[in-house]
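Listed below are the residues making up each chain.
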Amino acid sequence: MSETSTGASYAAAGVDIEAGDRAVELMKEWVKKTQRPEVLGGLGGFAGLFDASALKRYERPLLASATDGVGTKVDLARQLGVYDSIGHDLVAMVMDDIVVCGAEPLFMTDYICVGKVHPERVAAIVKGIAEGCVLAGCALVGGETAEHPGLLGPDDFDVAGAGTGVVEADRLLGPDRIRKGDAVIAMASSGLHSNGYSLVRHVLFDRAQLRIEKHIEDFGRTLGEELLEPTKIYSLDCLALTRTTEVHAFSHITGGGLAANLARVIPDGLHATVDRATWTPAPVFDLVGTTGQVERLELEKTLNMGVGMIAIVPEESADVALATLADRGVDAWVAGEITDRDDHEVGAALTGDYAHSN
């Protein structure tokens, strides 16, 4: 075929290979910051390599894996032109699931899908993912950036990730360890995290017609800045708890809300009661509920309501657990307890009314 052919090409179809290569070059410095000693090779291979001989120190190592995305929160990032915070969200959604069973995060990979590769934007997303990996203690060993012209608009994108962790078999946390009388410790969320944004966007933008640039007095910043607040990464905080005191279970509060996610780790015959009066949800939750006239139960099964992670510990370990979290700068409190389950109960429930802020 002639070199001057005017036939179809990948570039003419909307895929810019050179832009993709430029994005890879820009992200390399950030990926390098996440490296652990077990990681072999560099960015650009067909697969990320992790030296599994490091697991020889375990008697019976169990690998834990999880995958997730950030949901429609990415659309707010696109509107505001802020891309790195989404990376923090992605790491939190994956690695905070992994740590629930007591596993140490080891490594993760990412998948970034865009309508058109803007190298600096892709690099900013990866920068956020890399920074999140550092906060979670894991390595970013690879990923994929896919350009889908015609399927996505030039500025549209989505992100997903998968991670792996490891836990010693006899240190696996979960329902089997929970006992009557255990304390339910709540760890404060940093805001909405990465769930319920379809409801949030519908209420605030479609119905109330609020502007994303609007300054909200209760937030002390714009609506958009509040909504893009990165998801708290609890991985290393949870692992610190397992080293300093006895922990029976964790629950990551994501889609479905506090009661539903807590119920996932409560064994048959027991019930977790959480007292709303032990905390005051941040103003953003009230804004969504009041503006959309959303009933409290609907709000609670959609949003985290100010609690991002739960630890269940023996009652006598609660003080040490709270002190450990306080030393790490995590706002936490005893929010409830584990009791016997009645026939009509479903594992976990919220009781009382939320405390009011002064």
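In the block above lies the structure referred to throughout.
Here's a quick rundown of the structure. Being a predicted model, the structure only gives us computed values, none of them experimental.

Structural notes on the packing of aromatic side chains
Right, on to step 1. Evaluation of the coordinates by the stated rule reveals four aromatic pairs.
Right, on to step 2. Summarising the aromatic geometry, the rings of Trp 279 and Tyr 354 are spaced 5.4 Å apart at their centres and angled 70° between planes, so their arrangement reads as edge-to-face. Taken together, the positions of Trp 279 in the loop between strand E11 (270-275) and helix H9 (283-292) and Tyr 354 in the segment after strand E14 (348-351) put the pair 75 residues apart, joining distant regions of the chain.
Right, on to step 3. Tyr 354 sits in the buried class, given a relative accessible area of 13%.
Right, on to step 4. Taken together, Trp 279, Trp 333 and Tyr 354 form an aromatic cluster joined through their ring pairs.
Right, on to step 5. Looking at Lys 232, its charged tip hangs above the ring of Tyr 234, at a distance of 6.0 Å from the centre.
Right, on to step 6. One cation-aromatic arrangement involves Arg 276 over Tyr 354; the distance from NZ or CZ to the ring centre is 5.8 Å.

With respect to the pairing of strand E4 (residues 104-114)
Right, on to step 1. Two elements, E4 and strand E6 (residues 157-168), share 10 bridges in a ladder whose sense is antiparallel. From the neighbouring strand, Met 108 faces E6, where its bridge partner is Gly 163.
Right, on to step 2. Pairing of E4 with strand E5 (residues 139-147), which is carried by eight bridges, proceeds in the parallel orientation. Directly across from Cys 113, in E5, lies its bridge partner Ala 146.
Right, on to step 3. Between the parallel elements E4 and E5, the chain passes through helix H4 (residues 119-136) in a crossover that is right-handed.

Section: the sheet that holds strand E12 (residues 307-313)
Right, on to step 1. The strand order across the open sheet formed by six strands is E10-E12-E7-E13-E11-E14, and the pairing between neighbours is mixed. At either end of the open sheet lies a strand with only one pairing partner, and these are strand E10 (249-252) and E14. The average angle at which neighbouring strand axes cross in this sheet is 25°, direction not considered.
Right, on to step 2. In this sheet, E12 lies alongside E10 in antiparallel orientation, the contact comprising four bridges. Bridging across to E12, His 252 finds its partner in Met 309.

What counts, and where the lines are drawn
- Residues numbered from 1 in each chain as written.
- Predicted model: local features only at pLDDT ≥ 70, side-chain atom pairs only at ≥ 80, totals over all residues.
- Heavy atoms only, no water.
- Phe/Tyr/Trp six-rings, centres within 6.5 Å; stacked < 30°, edge-to-face > 60°.
- Helix = DSSP H or I, 4+ residues; strand = E, 2+ residues; numbered from the N terminus.
- Buried < 20%, exposed > 50% of the residue type's maximum accessible area, 1.4 Å probe, protein only.
- Lys NZ or Arg CZ within 6 Å of the ring centre and 35° of its normal.
- Pairing = 2+ DSSP bridges.
- Right-handed = clockwise from strand over helix to strand, strands pointing away.
- Axes fitted to C-alpha atoms, helices over the stretch in contact; angles between N-to-C directions.

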